[in-house]
Amino acid sequence: MCIRDSWWAGALLEGRHVGARLLFLAGPRATVTALAVRPFDPRPRPGADRDKGEPPGVTQLEGLHGHADVVSDVVVLEQPRTIVGPPASGGAFGADDGDVLPREVGLLATASMDRTIKLWELPAMVCVSTLEGHSAGVRSLSYDRAQHVLLSAGFEFGVRAWGVSGHQAFPLFALEGGHATSVRSVCAAPGGSRSAVSLDDDGVLAWWDRTPTTRTTGASGRGTGSRPCTATSTRN
């Protein structure tokens, strides 16, 4: 299993690593590695040579724990957006002008062989939702930011689609009929084109049209509709 990585473009605004960016690494273990990466700062350091700035630095943070099996993929869903609220250290919202700060938040998704997908709030790195529905391990994730749709695939010969709203996600539909073996990778086409492509262990590429159709809903309110494969080809 290869190492998967994903960057969060937001900067840490509080704590020991102010200004650092977050890098997440997955595989082949049940914990996601989190790194605070401080970019090179060209400004001279106090007491240092005139031509030397602050070198880049990497600090390993507390990892993301919660999956019961190997984490196979990690994807940042929402890049930073600014909200106004109390600092992470606590305090009553609005109690004092000094307690109300602009801060950046985002969302991360992890897929695991434990058949679940977890959503994590950034930069707090707290699990806010667990998505269940896969009957086998999940190997790959891809996110369509224009449509707010998360795609997941693994050992079920198909692809699942989830609608993302805030820090929650809900089942939309399944993409079925293009594979006869485990799906290795799935990728949503950029720009909101509603297309996707997936690759299985036999080298078969499947193309999918995610254009909305009449959606069927089960008694639980969860989407149960499916979309057929539009074309396949074998990679040489």
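Residues numbered from 1 in each chain as written. Predicted model: local features only at pLDDT ≥ 70, side-chain atom pairs only at ≥ 80, totals over all residues. Heavy atoms only, no water.

Engineer: I tried to follow the overall build of the protein on my own but got confused; where do I start?
Structural biologist: On a plain count of helices and strands, the protein comes out with 0 helices and 18 strands. Looking at the protein as a whole, 42% of its 236 residues qualify as buried. Long-range pairs, those at least 24 residues apart, make up 49% of the contacts in the protein between residues at least 6 apart in sequence. (Helix = DSSP H or I, 4+ residues; strand = E, 2+ residues; numbered from the N terminus. Buried < 20%, exposed > 50% of the residue type's maximum accessible area, 1.4 Å probe, protein only. Contact = heavy atoms within 4.5 Å.)

Engineer: Whenever I open this one, the pattern of salt bridges confuses me. Can you help?
Structural biologist: Once the charged atoms of two side chains with opposite charge are near each other, the side chains can pair. This model, assessed by the stated rule, comprises 4 salt bridges. Put simply, Arg 4 and Asp 73 hold a salt bridge, and the shortest N to O gap is 3.1 Å. Of this pair, Arg 4 sits in strand E1 (residues 4-8) while Asp 73 sits in strand E7 (residues 71-85); the two residues are 69 residues apart in sequence, bridging distant segments of the chain. Taking the relative accessible area as the measure of exposure, Arg 4 reaches 22% and is therefore partly exposed. With a closest N to O distance of 3.4 Å, Arg 184 and Asp 201 form a salt bridge. Of this pair, Arg 184 sits in strand E15 (residues 183-188) while Asp 201 sits in the loop between strand E16 (195-200) and strand E17 (204-209), placing them 17 residues apart in sequence. Taking the relative accessible area as the measure of exposure, Arg 184 reaches 33% and is therefore partly exposed. One network of salt bridges, in which partners are shared, links Arg 139, Arg 184 and Asp 201. (Salt bridge = Lys/Arg side-chain N within 4 Å of Asp/Glu carboxyl O.)

Engineer: What am I meant to see in the pairing of strand E9 (residues 116-122) here?
Structural biologist: Here is the key point about a regular strand: its side chains alternate between the two faces of the sheet. For E9, the tally of buried residues reaches 6 of 7 residues, placing the bulk of the element in the interior. Strand direction decides the pairing type here: E9 and strand E10 (residues 126-132), joined by 6 bridges, are antiparallel. Its bridge partner being in E10, Ile 117 is matched across the sheet by Leu 131. Hairpin connection from E9 to E10: 3 residues lie between these consecutive antiparallel strands, with Met 125 at a positive phi of about 60 degrees. (Pairing = 2+ DSSP bridges.)

Engineer: Please clarify how the packing of aromatic side chains should be interpreted in this entry.
Structural biologist: The geometry of an aromatic ring pair is captured by the separation of the ring centres together with the interplanar angle, meaning the angle of the planes. Scanning all chains against the criterion turns up 0 aromatic pairs. Just above the ring of Phe 155 sits the side chain of Arg 139; from NZ or CZ to the centre is 4.9 Å. (Phe/Tyr/Trp six-rings, centres within 6.5 Å; stacked < 30°, edge-to-face > 60°. Lys NZ or Arg CZ within 6 Å of the ring centre and 35° of its normal.)

Engineer: Explanation requested: the confidence of the model for the protein in the structure shown.
Structural biologist: Interpreting fine coordinate detail is not advised for predicted regions of low pLDDT. Per-residue confidence for the protein gives a mean pLDDT of 80, with 73% of residues at or over 70. The low-confidence segment residues 87-99, where pLDDT is below 50, has 13 contacts with residues more than four positions distant or belonging to other chains. Counting interchain partners and residues more than four positions distant, the pLDDT-below-50 stretch residues 214-224 has 19 contacts. (pLDDT = per-residue confidence, 0-100.)

Engineer: Help me understand the nonpolar core in this model?
Structural biologist: One recurring pattern in soluble globular proteins is that nonpolar side chains are buried together. Counting 18 residues, the largest nonpolar core has Phe 24, Leu 64, Leu 108, Leu 122 and Met 125 as its most contacted members. Elements supplying a minimum of two residues to this core: strand E2 (21-26), strand E3 (33-38), E7 and E9. If sequence neighbours within four positions are ignored, Leu 122 has contacts with Trp 8, Phe 24, Val 76, Glu 104, Val 105, Gly 106, Leu 107 and Leu 108. Leu 77, Leu 107, Ile 117 and Trp 162 belong to the second-largest nonpolar core, a separate cluster that totals 15 residues. (Core = buried A, V, L, I, M, F, W, Y, C linked by side-chain atoms within 4.5 Å.)

Engineer: Can you help me understand the environment of His 65 in this one?
Structural biologist: Position of His 65 among the secondary structure elements: in the loop between strand E6 (57-60) and E7. For the pair formed by His 65 and Thr 33, sequence separation is 32 residues and the distance between their alpha carbons is 9.3 Å. Excluding residues that lie within four positions of it along the chain, His 65 makes contacts with Thr 31 and Trp 120. Reaching out from His 65, the side chain makes a polar contact with the side chain of Thr 31 at a distance of 3.2 Å. A polar side-chain atom of His 65 sits 2.9 Å from a polar atom in the side chain of Glu 62. (Polar contact = N/O pair within 3.5 Å; in protein donor to acceptor, adjacent residues only side chain to side chain.)

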